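Geometric and topological summary
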Amino acid sequence: MENIKVKKINVVYLLSYILAPMLICAICFGIGIKFFPKGTMAVVLFMGPSILSFIWWTFGGRIIYKQNQKKLEKQLNENGFERNHTFYGNGSMIVVDVVHGNIALLFFWNPFENFILPASRITKTWVDDGKFGAGIMEGSSRVSFLLTIDDVKIRINTFTSNQRFRMDSDYILTGISKADMMVNVLEEARSKEKQNGIFT
Amino acid sequence: MIGAGKCQSQMEEKKRQLYMLPMIVGNYTSHENAEYYKKNLIKVNQKSDIPTGNYACGMIQYECPECGHEAVKLSIFLPVRDIEKQEDAFLFEKGELDDFIRK
């Protein structure tokens with residue numbers, strides 16, 4: 001596990017997630033146009049794949065990701081990984097074992113592969129409060145904490161919005177507090193020596 | 001300043017103490033029962049003693065110089081860098097926390 005390179009996106013999964021329903025729709029539309037231009041079958045072939053694709057794009061990824069989150073948590077529990085802190089970001093999940101100095105990562109766009117690594121592989125951690133603008137326009141719409149493992153930069157959002165909030169708003173302060181806490185936890189785990197026998 | 005319940009005089013601050021509330025940011029739940037605070041608050045000397053992402057609880061004891069009535073104000077906040085994000089404030093006027101703050 002120690003030398004596995006962290007991969008945030010599985011390109012095959014990403015492309016098939018987007019393109020597979022489009023391909024099925026195109027095939028069904030083609031069959032519909034050629035063999036069933038009218039009637040019930042036409043409705044089924046034109047409407048069915050479109051609705052299913054919409055459902056897939058809306059819920060499919062989330063369901064797969066959630067299921068793999070549960071699977072990872074179960075795996076960690078079974079392997080003696082102390083889940084001291086678990087943070088569920090909107091595109092990634094990080095679990096920190098401060099006791100043994102390990103971390104576990106799971107990404108939305110790579111849900112079938114989880115990464116359990118010694119925290120000593122983290123090279124840098126920091127908080128990005130997303131502050132921009134000046135004067136009364138100063139604010140943020142995203143707060144996150146970041147870590148680099150080898151050369152891979154991982155950003156985990158603690159707050160996101162399509163609006164900009166003042167830096168002293170409750171949303172931003174809560175986001176900053178969560179990010180600060182996670183950076184502290186990661187640094188603590190990083191400073192701990194990895195206990196032999198776990199995930200080696 | 002807080003007015004005493006019976007004589008309505010301005011109460012004076014008698015003692016203040018800072019505590020850590022062992023709840024992590026994002027998991028705050030409001031409690032109005034004084035027993036909860038007696039059981040869970042951890043005394044600290046300053047804000048920097050509270051781990052990042054944990055809630056703080058400032059307790060101030062007031063006393064009325066006229067009638068001797070005592071009250072304890074409890075304010076719960078999240079320390080975020082130099083800012084205090086207020087969560088809740090409670091006033092206990094029936095002596096629920098008087099012994100606790102004296103400890």
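Described below are features of the structure shown in this document. This is a predicted model, so every value here is computed, not measured.

1. Points about the overall build of chain B
Of the regular secondary structure elements, chain B holds two helices and five strands. Each helix and strand of chain B, ordered N terminal to C terminal, gives the series β-α-β-β-β-β-α. Its C-alpha atoms give chain B a radius of gyration of 14 Å, near enough to 13 Å, the size a compact globule of 103 residues would have. Here the C-alpha coordinates of chain B stretch approximately 40 × 25 × 20 Å along the principal axes. Residues counted as buried form 28% of the 103 residues belonging to chain B. A separation threshold of at least 6 residues defines the contact pool for chain B, and within that pool the share at least 24 residues apart is 61%.

2. Side note on the interface of chain A and chain B
Contacts between the two partners involve 10 residues from chain A and, on the opposite side, nine residues from chain B. Classifying every residue of the side of chain A that touches chain B gives three nonpolar, three polar and four charged.

3. Details of the sheet that holds strand β6 (residues 140–149) of chain A
Adjacent strands of a sheet pair through backbone hydrogen bonds, lying either parallel or antiparallel. All names here are of chain A. Strand order across the open sheet formed by three strands is β5-β6-β7, with antiparallel pairing between neighbours. Strands with a single pairing partner mark the edges of an open sheet, and in this sheet they are β5 (122–128) and β7 (152–165). When the angles between neighbouring strand axes are averaged without regard to direction, this sheet yields 5°. As judged from the nine bridges shared by β6 and β7, these two strands associate in the antiparallel manner. Bridged to T148 within β7 is K153.

4. Points about the pairing of strand β5 (residues 83–92) of chain B
Strand residues, when the strand is regular, have side chains that alternate between the two faces of the sheet. Residues and elements named next belong to chain B. By the bridge criterion, nine bridges tie strand β4 (residues 70–80) to β5 in an arrangement that is antiparallel. Within β5, the position partnered with K73 by the bridge is L91. Linking β4 to β5, which pair antiparallel, is a turn of two residues; within it R81 sits at a positive phi near 50°.

5. Concerning the nonpolar core
Generally speaking, a soluble globular protein has its nonpolar side chains buried in company with each other. With 58 residues, the main nonpolar core has I94, V96, I103 and A104 of chain A together with C57 of chain B as its most contacted residues. Of all the elements, helix α3 (residues 170–191) of chain A adds the most residues to this core, at nine residues. Each residue touching A104 of chain A, except ones within four places of it in the same chain, is listed here: L72, L76, F81, V95, N114, F115 and I116 of chain A.

Reading the values: rules and limits
Residues numbered from 1 in each chain as written. Chains lettered and ligands numbered in written order. Predicted model: local features only at pLDDT ≥ 70, side-chain atom pairs only at ≥ 80, totals over all residues. Helix = DSSP H or I, 4+ residues; strand = E, 2+ residues; numbered from the N terminus. Rg over C-alpha atoms; globule rule 2.2 N^0.38 Å. Buried ≥ 20, exposed ≤ 12 C-beta atoms within 10 Å, placed from the backbone. Contact = placed C-beta atoms within 7 Å. Nonpolar A, V, L, I, M, F, W, Y, C, P; charged D, E, K, R; others polar. Pairing = 2+ DSSP bridges. Axes fitted to C-alpha atoms, helices over the stretch in contact; angles between N-to-C directions. Core = buried A, V, L, I, M, F, W, Y, C linked by C-beta atoms within 7 Å.

Any functional reading would require information that these geometric values do not contain.
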